[in-house]
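Read off the chains here:
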Amino acid sequence: MGNQIDVVIQPVVLRFTLLDDEVVYFFAADTEAVLDEMELMMGINPEKDMLFDSNLGFLPVSTTVLIRGEKNILVDPGNTHTGFYGQLGIGLKRFGVTPGDIDLVVCTHCHHDHMGSAVSIPGVDIVLGEGEADFCEELYGTADTEARLSVMGRLIEVGRGEELELMPGVAAISTPGHTPGHISVVAENEDGERVIVAGDTVMTRGEYTDRTFSHWYTSGQLRELHSSLDRLQALQPDTVMPGHDRAFAPRGS
């Protein structure tokens with residue numbers, strides 16, 4: 001018997017900028033426009049401006065996925081505010097699941113929009129790619145990282161270039177590029193179809209189909225992203241769930 005795979009929270013992306021003393025938010029229905037094209041409209045030049053030193057803010061909600069089989073696995077519990085204000089619990093309730101029913105939390109990577117709400121499910125084992133916790137320390141500091149991980153159960157790491165079975169029909173695989181220890185999840189659903197929860201290896205459908213990766217990536221990241229995407233595409237998935245776009249069927253595209 002296969003697994004049930006459902007999106008708990010659909011992704012959405014907002015950009016914001018500071019206008020005098022007011023924060024102004026921007027939103028577009030097209031994800032590609034929000035991620036890159038809107039920056040040009042805001043006067044951000046990626047060839048001259050540094051991402052974190054420019055007047056550009058990024059407020060994303062990533063795709064949160066629930067996989068039910070022998071275990072209840074939550075992939076990318078999402079941004080801190082979705083857990084703090086209760087949206088994560090409300091989303092799980094639609095499937096008859098509470099945070100207390102979750103057996104395993106998988107974070108494709110340590111960015112806050114994917115991992116922030118892991119602390120809303122304390123005591124549960126957490127799966128990360130090898131080296132991702134170290135990268136988390138580089139981004140947020142040792143104290144913040146240790147505080148977040150101390151709330152969780154065991155830290156289970158997926159070796160670089162390896163895969164780890166999480167339960168029958170579900171595995172986490174190493175897909176570095178977006179971050180050094182990025183992982184994705186491959187699962188077989190109850191219809192025997194292969195579903196990939198890609199995290200930010202595939203932020204949008206365009207990244208999967210056309211490999212139109214963001215202009216903020218370094219050449220080293222791009223090499224790893226292409227290699228990781230080669231690995232995902234070789235699995236010939238029936239459905240891909242990107243980190244910041246709606247699920248799609250690549251064979252029908």
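These remarks concern the structure in this document. Note that the structure is predicted; figures quoted are calculated from it, not measured. (Residues numbered from 1 in each chain as written. Predicted model: local features only at pLDDT ≥ 70, side-chain atom pairs only at ≥ 80, totals over all residues. Heavy atoms only, no water.)

Further remarks concern the pattern of salt bridges. Counted according to the given criterion, the structure contains 6 salt bridges. Among the ionic pairs, arginine 68 bridges to aspartate 6, the shortest N-O distance being 2.7 Å. Placement of arginine 68 in strand β5 (residues 64-68) and of aspartate 6 in strand β1 (residues 4-9) is noted, with a sequence separation of 62 residues between them. For arginine 68, a relative accessible area of 17% puts it in the buried group. (Salt bridge = Lys/Arg side-chain N within 4 Å of Asp/Glu carboxyl O. Helix = DSSP H or I, 4+ residues; strand = E, 2+ residues; numbered from the N terminus. Buried < 20%, exposed > 50% of the residue type's maximum accessible area, 1.4 Å probe, protein only.)

What follows deals with the side chain of glutamate 207. Tracing the backbone through its elements, the reader meets glutamate 207 in helix α7 (residues 205-209). This buried residue, glutamate 207, is left without a salt bridge; arginine 15 holds the nearest opposite charge, at 9.9 Å. With residues up to four places along the chain from it excluded, the contact list for glutamate 207 reads Glu32, Asp200, Thr201, Val202, Thr212, Phe213, Ser214 and Leu229. (Lys, Arg positive; Asp, Glu negative; His and termini not counted. Contact = heavy atoms within 4.5 Å.)

Moving on, we get to empty space enclosed by the protein. All chains considered together, the criterion is met by 1 cavity of 30 Å³ or more. Empty space within the largest cavity amounts to approximately 40 Å³. For the largest cavity, the full set of lining residues is Gly129, Glu130, Val158, Gly159, Arg160, Ser174, Pro176, Pro180, Gly181, His182 and Ile183. Looking at the lining of the largest cavity, its residues break down into 4 nonpolar, 5 polar and 2 charged. (1 Å grid on protein atoms, 1.4 Å probe; cavity = no way out; pocket = protein on both sides within 12 Å on 5 of 7 lines; lining within 4 Å. Points joined across faces, edges and corners; volume = space filled by probe spheres on them. Nonpolar A, V, L, I, M, F, W, Y, C, P; charged D, E, K, R; others polar.)

Sheet faces and side chains relate simply in a regular strand, where the side chains alternate between the two faces. With 5 of 5 residues buried, strand β8 (residues 125-129) is to be regarded as a mostly interior element. Burial along β8 is two-sided: the residues Asp125, Val127 and Gly129 and Ile126 and Leu128 are all buried. Bridge analysis of strand β7 (residues 104-106) against β8 gives 3 bridges, and the strand direction is parallel. Bridging from a neighbouring strand, leucine 104 pairs with aspartate 125 of β8. (Pairing = 2+ DSSP bridges.)

Turning our eyes to something else, we now look at the sheet that holds strand β12 (residues 183-188). Consider a sheet: its strands pair through backbone hydrogen bonds, and that pairing is either parallel or antiparallel. Spatial ordering of the open sheet is given by β10-β11-β12-β13-β14, a layout of 5 strands whose pairing is mixed. For this open sheet the edge positions go to β10 (163-167) and β14 (239-242), each flanked by a neighbour on one side alone. Neighbour-to-neighbour, the strand axes of the sheet open up by a mean angle of 20°, direction not taken into account. Pairing analysis gives 4 bridges linking β12 to strand β13 (residues 194-199), with the strands arranged antiparallel. Looking at the pairing, valine 186 lines up with isoleucine 196 of β13. Lying over the sheet, helix α8 (residues 219-234) contacts β10, β11 (170-174), β12 and β13, oriented at roughly 155° with respect to β11. (Axes fitted to C-alpha atoms, helices over the stretch in contact; angles between N-to-C directions.)

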